[in-house]
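Descriptive structure summary
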Amino acid sequence: KCIGIDPGFTHGCKVAVVDENSCVLETCVVDIRSQSQVAAAETKITQLANKFNCEIVAVGNGKGGRNVEDLLSRILRKHPDLFQFSTVSESGASVWSVTKEAEEDLPELAPNLRSAVSIARRLQEPLTELSRMHPKCLSVGQYQHDLPDKLMRLSLADTMEEVISFCGVDLNSTAPHVLQHVAGIGPAMAKKIVEHRTKEGLFVNRQKLNSVKGLGPKTFQQCAGFVKVFTSTQVEDPKPAKRRRKAKVEEEDPNPLDCTIIHPENYDTAEKVLRHFALSKSDIVSGKVFEVFQPASFTTKPEQLCEILSLSDNDQFDTHTMRLILT
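Attention in this report is confined to the structure presented alongside it.

Reading guide: rules and limits
Along each chain, residues carry numbers from 1 onward, in the same order as the chain's sequence is written. The model is predicted, so local features are restricted to residues of pLDDT at least 70 and side-chain atom pairs to those at 80 or more, both for listing and for counting; the totals for chains, interfaces and linings are taken over all residues. Note: side-chain values were computed over all heavy atoms of the structure, leaving out hydrogens and water. The classification of residues rests on relative accessible area computed with a 1.4 Å probe and restricted to protein chains. Under 20% of the type maximum is buried, over 50% is exposed, and intermediate values are partly exposed. Under the DSSP-based scheme used, a helix requires at least four consecutive residues in state H or I and a strand at least two consecutive residues in state E, with every element numbered from the N terminus. At least two bridges found by DSSP between two strands are what make those strands a pair. By this rule, a helix spans an expected 1.5 Å times one less than how many residues it contains. Arc definition: directions from the helix axis to the C-beta atoms. Here, residues are in contact when the closest pair of their heavy atoms is within 4.5 Å. In this tally, Asp and Glu contribute negative charge and Lys and Arg positive charge; neither His nor the terminal groups of the chain are included. Whenever a carboxyl oxygen of Asp or Glu lies within 4 Å of a side-chain nitrogen of Lys or Arg, that contact is scored as a salt bridge. By the criterion applied in these results, polar contacts are pairs of N or O atoms within 3.5 Å in which, for protein atoms, one can donate a hydrogen and the other can accept it, and in which residues neighboring in sequence qualify only through two side-chain atoms.

**Comments concerning the pairing of strand 4 (residues 56–60)**
Summarising burial for strand 4: 4 of the 5 residues are buried, a large majority. As paired elements, strand 1 (residues 2–6) and strand 4 share 4 bridges and run parallel to each other. Within the sheet, the bridge partner assigned to Gly-4 lies in strand 4 and is Ala-58.

**Remarks on helix 1 (residues 35–52)**
Taking 1.5 Å of rise per residue, 18 residues should cover 26 Å, and helix 1 covers 26 Å from first to last C-alpha, within 8% of that figure. Listed in full, the buried residues belonging to helix 1 are Val-38, Ala-41, Glu-42, Ile-45, Thr-46, Leu-48, Ala-49 and Phe-52. Taken around the axis of helix 1, the buried residues stretch over an arc of 160°, which confines them to a single face. In helix 1, the exposed positions that point more than 90 degrees away from the buried face belong to Ser-36, Asn-50 and Lys-51. Against strand 1, strand 2 (13–18), strand 3 (24–30) and helix 2 (65–78) lie the buried residues of helix 1. After helix 1 finishes, the residue Asn-53 shows a positive phi value of roughly 55°.

**Concerning the side chain of Asp-19**
With respect to the helices and strands, the residue Asp-19 is situated in the loop between strand 2 and strand 3. The side chain of Asp-19 sits in the buried core without any salt bridge; Lys-1 is the nearest counter-charge, 7.1 Å away. Here the side chain of Asp-19 touches Cys-23 through a polar contact of 2.7 Å, landing on its backbone nitrogen. Contacts of Asp-19, omitting those with residues within four sequence positions, involve Lys-1, Leu-25 and Gln-124.

Pasting the structure below:
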């Protein structure tokens, strides 16, 4: 959990508490203009941190930011292990807070409190939050103001698709405006996925995507490799009951391979690789897999592994896919 603070003197410091899924838990405004107000703000922030067990505080770098940092330092001198704090760029947060998108996302909050929420989310999920902002509002230089608006938006969309293709997104926490950039998923399908997630609960595995209305086999084939599922239940390999069908097991149980960039079509090969090195899927969660496949110590080449596992004659499989599995 995170506390976001949008510093200010005239209208006070806006404070928002955000949970792990970027949902707002509580908001308030504290003043820091006088000693008595600073003492009250210190008490309030301490109470919020204890109440929601917040681990970190994000402070906007605008006017009054240094004063808020001094306030947090005072709290930490009394409670050293209460939280950590970090300064976050607040460029574009105020502009975004009065947009139609912000009103749809946080309709119950006033614009000044929305900016505090944005600051907290920027520390939690920078990609998700910063992509909400128009590039001209991010203050990355003077040249973005000289470019056509349409060209700026197209460039941002291209960059989003490139980053998502490289690192993937969390299926259970990603916002629609980011999810729509995944291959095969547009704005309409992204909205359906989030609505399904809200109504039916979090996705247990990638296969659950097939239960989203309108998402067919072709769309699943395109997007499955770019969405990841991280769940606390991915501790051990699934142990199905005696009479449970294999298809039912795959549909209902979490799969540690879902938190990797390996496509479901290559899961069987990935499991062969794990068995060859005396590993199991649970070792993905524990981190043992990454110790074994460290580039510095792992000397087996993808071409050799394909031959060892008798995959060289498979037209549907190549060394590039094996290299992807090993990474």
